[in-house]
Each structure stands twice: as C-alpha cells, then as structure tokens.
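So the chains spell out like this:
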Amino acid sequence: MTKTIELGVQGMTCASCVGRVERGLKKVEGVEEANVNLATERATVTYDPARTTPQALLEKVKDTGYEPVVSRLELGVQGMTCASCVGRVKRALKKVDGVLDAGVNLATERATVQYLPSSVSAGQLKAAIREAGYEVLEQQAGLSREDQERGAREREVAHLRRQVLFSAVFAVPLLLLAMVPMLIPGVEDRLMTTFGHGVMTTLNWVMLALALPIQFGPGLRFYRLGWKSLRNRAPDMNALVMIGTTAAFLYSLVATVAPGLFPEGTAHVYYEASGVVITLILLGKYFEAIAKGRSSEAMKKLLSLQAKTARVVRGGQELDLPTDEVLVGDLVSVRPGEKIPVDGEVVQGASFVDESMITGEPVPVGKQPGAPVVGGTINGNGALTFRATRIGADTALAQIIRLVETAQGSKPPIQGLADRVVAVFVPVVLGIAALTFLLWLIFGGQTALSFALITTVAVLIIACPCAMGLATPTSIMVGTGKAAELGVLFKGGGALEGLQAVQVVAVDKTGTLTKGRPELTDLVTAPGFDRVTVLKLVAAAEEPSEHPIARAIVEAARREGIATVKPEAFEAVPGYGLEARVDGHLVQVGADRYMTQLGLDVNAFAGQAGRLGDEGKSPLYAAVDGKLAAILAVADPIKDGSPEAVDALHRMGLKVAMITGDNARTARAIARQLGIDEVLAEVLPSGKSDAVKALQARGQKVAFVGDGINDAPALAQADVGLAIGTGTDVAVETADVILMSGDLRGVPNALALSRATLRNIKLNLFWAFAYNIILIPVAAGVLYPAFGVLLSPVLAAAAMGFSSVFVLTNALRLRGFQPPVKPDAVPVPAPTPVHA
C-alpha cells in the first residue's frame, strides 16, 4: 500500500528549482511519484511506507538545498491518568498522516507534535486526541496558556475533591457494615440471634444502596475512559479499575438479588471492594493532582518574573502599556525598585540591578549607559531609561522559559525502559488476572468463586501503572525547574541524564576559568618613584594604543581615579614596546629586551619577575626620563569562583582538564594555581574538538565547558557541552547545558543536580516496578496456601494510590536540593586593587 503526503518547500524561485526538488525526491527509495508546484510551494509525494519515511523525504529536500516546512504544536491534554494513557495518545497522534513525531508528558499534561502543516491541520491532531478518549485544552481569548492550564488544574482538583467527599459519605458506612462483623467476633451471631437470619439479607440491601451511588456516580469516569481504551484495544488503568470494580459489584448484586444461585453459605457480597476501592482511587488521584501542581512551582516562579506593564516614553510622554505592546527601539523608563519589563540597553541613569532570578548570582550588577539590562530583573535604588532591544519571545526570560518547558517535556534515555514495559504491562496484567480467576475457580474448593473474584479484583486494582507513568517526568520537571532557579538550563532530559555519567570535565581557559579580558595585576616601583605618578605617566603613554594590554593599563588608572592626559608625542617600537612624551617626561614601556636595548639593567626586579613568571604573567618594564621606574604585569585574572569550582569537581571524584590556545608556560601556571589535573595548551580553536576526542579515546565520558561561540565544535563533540552564558543570550545552539551566570561554580552545581535527579528517577522506577512485581503475586493469593493471607481489594486500592503519591512526593524532594557550591552573597564589589 502506498501513501501520499504533501510537503511545504521554501526557497524555490524558478522551474529549475522545481525540477531539482522533484529529481531529488524521486531518487529516494520507495518513492513512486513526486510532483512539485512552484506557485503553492508544495511537493506531493506518493511513497511506500514500508521502504521510506516522511523524515527521509524531508532530509532529501534539505539535501537539494531547500527548506521543508515543519511545524511544532503543543496541546494540553486532559484525562490522562497513567503511562498507558500516555502511550495511547502518542500512538493516536503518530497514526495521523503528516505527523513526524509526537511526545506526551503525563506530569505536564501536554502533547508536543512535530508535523507537516501542508498535510495535517491542528484540528485533525485535536480530533485524534479526542478520538483516543481524551480532551484537548482549547486556547481561550485573553488568557495565556499557563493561566489556562493552571485554571484547568485547579478545576480538576476541585472536581476530584467533590467526588471524593461524595463517595466518602457512602463509603465510610459501607466499610463499617462490611468490616465490623468480620473484625469483631460475635457481632454477626448476635445480630442473627436478635433479628433472625434475614438481618444479613437486609444488610446486603443496605450495602447495595450505599454502593450504587458510588459505582454509577463518581465511578462513571472509569467506565467512560475505560470503555474507550478497550474499544481502541489499548487497555489502561481506567479499564483495570472498571473491570475489577464491576466484577465485584455484579457478583455482589447477584448474591443479594438471587442468593439461591450460590451453594449455601457462599453468597457473600463484596460491595466494599467496589465502592470503597473507587473512593480510595479517587482520593489517590486527588492527592496526585495536588502534587502535580506543586511540581511545577519553579515554572510558576519563572512565569511570575515577567512584567505585565512597561512605562514607555513616546512623544515626550510616559505611557503605561502592556509589555506585549512595547516595540524594539522604544525608550522605557524604570524607577527604583521596579521590575525591568523587556531586554534593552541603558541610555540614561545609573543603578544596580538584581539579576539573581536570571543568573542565580546574588550580587547586584552595576548599570550605566551602554550596559545591557534583562527583562524580569529588579532595578535597585537608581532610575534608568533604556532602549528596548528584545521583546516578546526574543527576551532572555522568554528563551529561558521556553528552554525549561522543552526540558520538562523531554524524555531522558532511562524513560525508554519504562515505556517498553508499560507497552505490554496492562495486557499482561489482564492475562494474569484471567489466570488467577481460573486457578482459584479450579482449586478454591467450596468458596472458589468468592476467592476467584476477590483475588482477580485485587490483581486488577494493584497493577494500575500510574506510578510508572509519573516516575520519570515528575523528577525531570522538578529537577529542571530547580536548575533554572540556580541559573542552570538543561536543554533536555538527555543532557540531564548524560551529565551525571561524566568522568572528565574539560574547561576552556579564556573567559571560562579566567575573566577573558586583560587587567593590570601588578605594579612595583623602583626606589625614588611614586606609584601613582608612574601609573599616570604609563597610562597616558598607552592612551593612543588600542592594544588590549594598553587598554588594561588605561582602565586601571581610571578605576583608581587617575585622570589621563594626551601624550605630546607617541611612537610604537615594533617588537619592543613604545615611547611617548607626557608632561615633559620621556616614558618608555616594553619587555626586558627593550630595557636592555636602552642600556637599563632590570636585575633589580629579578625577584618580582620570577614571581610573575611562576604565576603565568609576562612582566613589562617602564622607564621614565631614562631611568628604570617600575615593573608591571597585565594578565587575564582567574575568576573568583574558579578555584572553588575546580575543588568541588575534585571532591565529586572528577578529573579536570584545561584546553587552551595560550602558551604552555602560562597555561601550566594557571593549572598549578587551580589544581587542574591535565593541560592541553597551544590548541587552536579548530583543534579543541580534537582535544576533546583525545580525552574520549581513553574511554572516558567528557563534558566540555566553553563560551559557546569559538568553542562550538568542542561543545558539539563532547558527551555533554556546557556553555557559559550571560543571561542575555541563552540560546547557545551547540550546548546541552547553559550556565547563565557565567560562573564556573555552576558546573559542579549542574553535575550534583543531575546526579540527584537521576537517583530520584531510579528510586521512582524501582518503587513503581518493585511495587507491582511484589504485590501482584500477593494479590493473586500466592501467600494464602502457606500463610492464609489474602490481599483485600480495599487494601490494594490504598496501596495503588500510595504508590503514585510516593513517586510524586519523592520527586518533590528535589525542590529542597542544596547546591554543593553557593555563590557568595557579598556586597557589590569595589574596583579590583592593583598589587603594589
């Protein structure tokens, strides 16, 4: 059988393009016919699905040099209760022609669909979900998706609360009537002595009256969803509950209405096995719904950071507008203590801004004209006016929210195990239940039918795969949300799982371990020279130069409040240094060979030169009026958090390697100061990925930490790439993890959180599987022959509800995760002093 699909193709301009795309598609094995229309920009392809796939056709369109049109849609799905529901929705979506891929998350209650808009519409995707037996959360005008989902969740919690209370009104007396005669010896005999044998028949009718409103009131939800799942040949938790409680209810109904059909003394009723079980399952669902809401707290915090309004300056007037009406280029005014509404660049004013909610760093950041500001951060005690540079979905906060949502909806590789098990789990359970019923019916003796019923219902109830469906997505949801609070963005579940397996952390030096910009670190004067005077003269001499070293010296003078003057004369001495005349003084600055050429002996500074060399710094010398005046050094200083981060990685049992293009002596000096295990120096940017490969060739999992720009090949080559971000540009394409603060301390924090999350997932999966593996045989009655123990369906329902609540509660523990390295909450730092 063949299929025909339509592909949108962008970039075609003429008949030649059409022919090229057609020829390319016809070359794909399994394609029988391909027609391309330039006017509609669509390709109609007839193909054999057994020999090729839509993805292969899209790849071929790309290979021919054009861009296939693919859309991505997120839909809220209501009514999913377990892992089987997730599989059912996913299969329903994937069956739709034109759907390339579909992912469904039980914890977030969302389906993410990648599809061909030219072949399938959003309406068809929604219809497929409804046909599978679930509801789609439709977008309402005037409400954000998040507000709508929150409202739907609150309504679901309220609805479940009402159903639980309604059921409990009937279930509590039902349980008492069923259990009291069994638990208190002599009660049943006393009742029959007092009221006669008919009293038990009367009690049965009373229990029927109590069970009936539960079974066909709140219990209808299981019939509605369970029947749809059976009709679609994909039985789920609802089907198990429906079959189990219906069997108990009908058996009891027959025993009540026509007890003569049973051997004398065997017409027992089990109304509590239907009514109380439904109540307990609903109670478990109620607790589960509450816990699900709590698991998205981090997401709510991120969403709450978004400002609702902005004070825009237009035509000389300040207008309060919704943030979605701000335009790029608008001037926005922010008063002290207010939230910055969008990303921008300061044009007027000075203040300190609290960016901790974006970067995880507690220290406020100084802002002056030209400095970037990020939407969602809090302005300090100064007034600012800034020009909007990014609005709406392009702001840093919007990108962060999008990345966190994507990560929360993604599946780590470990989820594949749960998916494979769940795919066959419910059919296997139904088989076990049928076998249990038959064996008890054959070997159960006089009460065979009663035992067969009780054990079968218990098996069906205990085996509900709710915990399996929640085990992974809830941990991922809470873990990635917590990471975002710490300034760490995981791009997906695969990155979260992969990071915990890393053995070596390879780190770029410039901009990662170090600040990435030269600073004057040392200035020691010769006897008879004043430090401030020398710095003023040298800075003035360097003023005309754009060399990074010159700029570092000039900047150091400005930080100390030294006003620089323009030199009267300036001359660069290639290969040696420079010569200038400042305020009538001859100033010469350069390396030791320049001083030797000038006939000056630098041995007076031999001790300082040796120390600087050991620290990986290259000494420079300054002469004033023909006399040696000072030794100074400009270097790229180590970031404050780097030593702490390397130490933390060592404590976690990891090796740290440094990959840098810097010279070997400087690199080794930095490595010695930080305690780095291995140095790969003088590596060109193009060779960094080869350096990562060399580390991987030893059989080690390698994470690479870089700035995400010139380190892109190495980030892509590593098992996990971590990009040092800035909070204003978080969409680093090649990285798997983004550290928004630019602080290396985020690396051990990300690793520790990755390990904690994977431990959490493994514990959840262990509990979900072990719970079923252990309790299904107990429910089937394997302990009865030896110990006389049978698992009541009521206890089975309580255990099933507890398993889901346990998994959710365990995942919520990640909200209390404490990072191994915390940024120091110190006051705003003063300018870095220069060593004298």
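Calculation notes
Residues numbered from 1 in each chain as written. Predicted model: local features only at pLDDT ≥ 70, side-chain atom pairs only at ≥ 80, totals over all residues. Heavy atoms only, no water. Helix = DSSP H or I, 4+ residues; strand = E, 2+ residues; numbered from the N terminus. Buried < 20%, exposed > 50% of the residue type's maximum accessible area, 1.4 Å probe, protein only. Contact = heavy atoms within 4.5 Å. Areas by Shrake-Rupley, 256 points an atom, 1.4 Å probe, with all protein chains shown as cover. Pairing = 2+ DSSP bridges. Axes fitted to C-alpha atoms, helices over the stretch in contact; angles between N-to-C directions. Parallel < 35°, antiparallel > 145°, perpendicular 65-115°, else oblique. Nonpolar A, V, L, I, M, F, W, Y, C, P; charged D, E, K, R; others polar. Left-handed = near helix turned anticlockwise from the far one by under 90°. Salt bridge = Lys/Arg side-chain N within 4 Å of Asp/Glu carboxyl O. UniProt positions renumbered as here; feature names shortened; annotations may be inferred. Core = buried A, V, L, I, M, F, W, Y, C linked by side-chain atoms within 4.5 Å. Expected span 1.5 Å × (residues − 1). Polar contact = N/O pair within 3.5 Å; in protein donor to acceptor, adjacent residues only side chain to side chain.

Named according to an unreviewed UniProt entry, the protein is Copper-transporting P-type ATPase originating from Deinococcus carri.

(A) Focus on the overall build of the protein. In terms of helices and strands, the protein carries 29 helices and 30 strands. Taking all 836 residues of the protein together, 52% fall into the buried category. Restricting to contacts in the protein with at least 6 residues of sequence separation, those with at least 24 account for 69%. Summed over its atoms, the accessible surface of the protein is roughly 36400 Å², and 57% of this surface lies on carbon and sulfur atoms.

(B) Quick peek at the pairing of strand E24 (residues 619–624). With respect to burial, E24 is a largely interior element, 5 of its 6 residues being buried. In this sheet, E24 lies alongside strand E23 (residues 585–590) in antiparallel orientation, the contact comprising 4 bridges. Considered in E24, the bridge of Gln 588 is made with Ala 623. Bridging between E24 and strand E25 (residues 627–635) involves 6 bridges; their strand directions are antiparallel. Across the sheet, residue Pro 619 finds its bridge partner in E25, namely Ala 633. Here E24 folds back onto E25 in antiparallel fashion, the turn holding 2 residues, of which Asp 625 has a positive phi close to 55°.

(C) Main features of the sheet that holds E24. Strand order in the open sheet formed by 6 strands is E20-E25-E24-E23-E22-E21, and the pairing between neighbours is antiparallel. Each end of this open sheet is capped by a strand with a single partner; those strands are strand E20 (519–525) and strand E21 (569–573). Within the sheet, the average angular offset between the axes of one strand and its neighbour, ignoring direction, is 20°. Across 6 bridges, the pairing between E20 and E25 is antiparallel. Considered in E25, the bridge of Leu 523 is made with Leu 632. Relative to the sheet, helix H22 (residues 606–614) contacts E20, E24 and E25, its axis offset from that of E25 by approximately 10°.

(D) Quick look at the sheet that holds strand E5 (residues 71–78). Pairing in this open sheet of 4 strands is antiparallel, and the strands run E6-E7-E5-E8 from one edge to the other. Every interior strand has two partners, whereas the edge strands, strand E6 (99–105) and strand E8 (135–137), have only one. Direction aside, neighbouring strands of the sheet carry axes that sit 35° apart on average. For E5 and E8, the ladder comprises 3 bridges, and the chain directions are antiparallel. In the sheet register, Gln 78 faces E8, and the bridge partner there is Glu 135.

(E) Summary view of the environment of Ser 118. Among the secondary structure elements, Ser 118 is positioned in the loop between strand E7 (110–115) and helix H4 (122–131). By relative accessible area, which is 14% here, Ser 118 ends up buried. Residues Ser 118 and Glu 41 lie 77 residues apart in sequence; the distance between their C-alpha atoms is 9.9 Å. Discounting chain neighbours no more than four positions away, the residues touching Ser 118 are Glu 6, Leu 7, Gly 8 and Arg 42.

(F) Representation of the packing of helix H15 (residues 448–462) against helix H29 (residues 793–812) within the structure. Contact geometry for H15 and H29: axes closest at 8 Å, N-to-C directions at 5°. Between H15 and H29, the angle falls in the class roughly parallel. From H15, Ile 454, Val 457, Ala 458, Ile 461 and Ile 462 reach across to H29, where they touch Pro 793, Ala 796, Ala 797, Ala 799 and Met 800. Its residues assigned to classes, the contact of H15 with H29 comprises 10 nonpolar, no polar and no charged.

(G) Just the packing of H15 against helix H27 (residues 746–780), in detail. Contact pair H15 / H27: the axes reach a minimum separation of 8 Å and the direction vectors enclose 165°. Judged by the angle between their axes, H15 and H27 are roughly antiparallel. Between H15 and H27 the crossing geometry is right-handed. Residue-level inspection shows Thr 455, Ala 458, Val 459 and Ile 462 of H15 in contact with H27, the latter providing Tyr 771, Asn 772, Leu 775, Ile 776, Ala 779 and Ala 780. Per-class residue counts for the contact of H15 with H27 are 8 nonpolar, 2 polar and no charged.

(H) The pattern of salt bridges, seen in detail. The tally for this structure, following the rule as stated, stands at 20 salt bridges. The residue Arg 531 makes a salt bridge to Glu 560 at a minimum N-O spacing of 3.1 Å. Here the residue Arg 531 occupies a position in helix H19 (residues 531–542), and Glu 560 occupies one in the loop between helix H20 (548–559) and E21, the gap between them amounting to 29 residues. Arg 531 gets classed as buried once you look at its relative accessible area, which sits at 18%. Salt-bridge contacts for Glu 543 lead to Arg 551; the nearest nitrogen and oxygen are separated by 3.9 Å. Assessed through its relative accessible area of 21%, Glu 543 is described here as partly exposed. Residue classification places Arg 551 among the partly exposed residues on the basis of a relative accessible area of 25%. A single salt-bridge network, built from bridges that share partners, covers Arg 311, Glu 318, Asp 320, Arg 335 and Glu 338.

(I) Summary view of the UniProt feature "transmembrane region" (unreviewed entry) in the protein. Look at the UniProt record and you will see "transmembrane region" (unreviewed entry) annotated at residues 164–184, 196–216, 237–262, 268–287, 421–443, 449–472, 765–784 and 790–812. The straight-line gap between the two end C-alpha atoms of residues 268–287 is 33 Å; of that span, 80% is helix and 0% is strand. End C-alpha to end C-alpha, residues 765–784 measures 28 Å, and it is 85% helix and 0% strand.

(J) Structural view of unusual backbone geometry. Of note, Asp 583 is a non-glycine position whose phi angle comes to about 50°, a positive value. If you trace the backbone, Asp 583 turns up in the loop between strand E22 (577–582) and E23. Notably, Asp 625 is not glycine yet its phi reads approximately 55°, a positive angle. With respect to the element layout, Asp 625 can be found in the loop between E24 and E25.

(K) How the structure looks around the nonpolar core. Counting residues in hydrophobic clusters, the biggest one holds 132 residues, and the most contacted among them are Leu 125 and Phe 490. For this core, the element with the most residues is H27, which contributes 16 residues. By size, the runner-up hydrophobic cluster in this structure holds 26 residues, among which are Ala 552, Ala 556, Ile 562 and Ala 630.

(L) Region of interest: H20. Here H20 contains 12 residues, and its C-alpha end-to-end distance of 16 Å stays within 8% of the 16 Å for a straight helix at 1.5 Å per residue. Of all the residues in H20, the buried ones are Ala 550, Ala 552, Ile 553, Val 554, Ala 556 and Ala 557. Contacts made by the buried residues of H20 are with E20, H19 and E25.

(M) Representation of the pairing of E5. Where E5 meets E7, 6 bridges bridge the pair, whose relative direction is antiparallel. Note that in E7 the partner of Arg 72 across the bridge is Gln 114.

(N) Seen up close, the side chain of Arg 221. Of note, Arg 221 is situated in helix H8 (residues 220–231). Judged by its relative accessible area of 11%, Arg 221 falls in the buried class. A polar contact is formed between the side chain of Arg 221 and the side chain of Gln 163, at a distance of 3.5 Å. Beyond its immediate chain neighbours, meaning those up to four positions away, Arg 221 contacts Thr 81, Glu 156, His 159, Leu 160, Gln 163 and Leu 282.

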